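Structure at a glance
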Amino acid sequence: LEQRVSEQQRYEQQIKQLEQTIQQTNQDFTKIQHERLILQQENQRMNIENDNLTVQLNKLEIQNESMTSRLTEALSESAKKAHEQQHWQEQHQFIQVKYNEQNQFFNELQTQHAMLLQQSKIIKTEINELREQNKLLAHEKWELGQEKAQLYGQLKQLESNV
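Throughout what follows, the structure given in this document is the object of discussion. (Residues numbered from 1 in each chain as written. Predicted model: local features only at pLDDT ≥ 70, side-chain atom pairs only at ≥ 80, totals over all residues. Heavy atoms only, no water.)

The next subject is the overall build of the protein. Broken down by element type, the protein carries two helices and zero strands. The C-alpha radius of gyration computed for the protein amounts to 35 Å, which surpasses the reference 15 Å derived for 162 residues by more than 25%, pointing to a less compact arrangement than a globule. A total of 162 residues make up the protein; the buried ones form 19% of that total. Within the protein, residue pairs in contact and separated by at least 24 positions form 86% of the contacts whose partners lie at least 6 positions apart. For the protein, the computed accessible surface area is about 12,300 Å², with 51% contributed by carbon and sulfur atoms. Here the protein carries 18 positive and 24 negative side-chain charges, and the mean point of each set is 5 Å from the other. (Helix = DSSP H or I, 4+ residues; strand = E, 2+ residues; numbered from the N terminus. Rg over C-alpha atoms; globule rule 2.2 N^0.38 Å. Buried < 20%, exposed > 50% of the residue type's maximum accessible area, 1.4 Å probe, protein only. Contact = heavy atoms within 4.5 Å. Areas by Shrake-Rupley, 256 points an atom, 1.4 Å probe, with all protein chains shown as cover. Lys, Arg positive; Asp, Glu negative; His and termini not counted. Charge placed at Lys NZ, Arg CZ, Asp CG, Glu CD.)

Here it is in structure tokens:
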């Protein structure tokens, strides 16, 4: 009976440890979901900014083509137009560099997003495994309780016979 009580106490301690592990895992999972949400929002913001930069780039490319046409037509103003064209090309390059940086950052965010999704799946699997373990331990506890009740009943019967 003392051994059963000791096993019962050890079992309850294991249950508490498993519950703490599940709680910590749930907290970690919530944190990862929050980080994932932040990354998704940042990703959306970057997509919008990327779209805006693309529109600006297209506008600048159209303006650049217009400047080139006017340069050809206006030979008398070629020096002035050449300067403007250089200016627009520098802006175009600046925006192109910025666009490339944003694109690279977007790709990094996608990679982080994929890694977080994978971590999330692993944590969900671990949580499910811990829940199953918890169910098994609860069933074992129930069986030990039944066995304890039987032994207690036998002990009472023996005591009443003595």
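Turning our eyes to something else, we now look at the pattern of salt bridges. Applying the stated criterion across every chain, the model contains six salt bridges. The partner of glutamate 7 in a salt bridge is arginine 4, with the nearest N and O atoms 3.5 Å apart. In this pair, glutamate 7 and arginine 4 both sit in helix α1 (residues 2-73), three residues apart, roughly one turn of the helix. Glutamate 7 sits in the partly exposed class, given a relative accessible area of 23%. The closest approach of N and O atoms between glutamate 159 and lysine 156, which form a salt bridge, is 4.0 Å. Placement of both glutamate 159 and lysine 156 in helix α2 (residues 78-161) is noted, with a separation of three residues, approximately one turn of the helix. Taking the relative accessible area as the measure of exposure, glutamate 159 reaches 45% and is therefore partly exposed. (Salt bridge = Lys/Arg side-chain N within 4 Å of Asp/Glu carboxyl O.)

Turning our attention to the environment of asparagine 103. Within the secondary structure, asparagine 103 sits in helix α2. Note on asparagine 103: relative accessible area 25%, which makes it partly exposed.

Let us now look at a nonpolar patch on the surface. Together, Leu1, Val5, Tyr152 and Leu155 give the surface a local cluster of nonpolar side chains, amounting to about 390 Å² of exposed area. Topologically, tyrosine 152 is positioned in helix α2. (Patch = residues over 30% accessible without salt bridge, like charges linked within 9 Å, V, L, I, M, F, W, Y side chains within 5 Å.)

This brings us to the nonpolar core. Counting residues in hydrophobic clusters, the biggest one holds eight residues: Phe29, Ile32, Leu39, Met46, Leu109, Leu116, Ile123 and Ile127. Secondary-structure elements contributing two or more residues to this core are α1 and α2. Within the second largest apolar cluster, six residues are counted, among which are Ile15, Leu18, Ile22 and Leu137. (Core = buried A, V, L, I, M, F, W, Y, C linked by side-chain atoms within 4.5 Å.)

Along the chain, methionine 115 turns up in helix α2. Placed 20 residues apart in sequence, methionine 115 and isoleucine 95 show a C-alpha to C-alpha distance of 30 Å.

These figures come from the coordinates and say nothing about function on their own.
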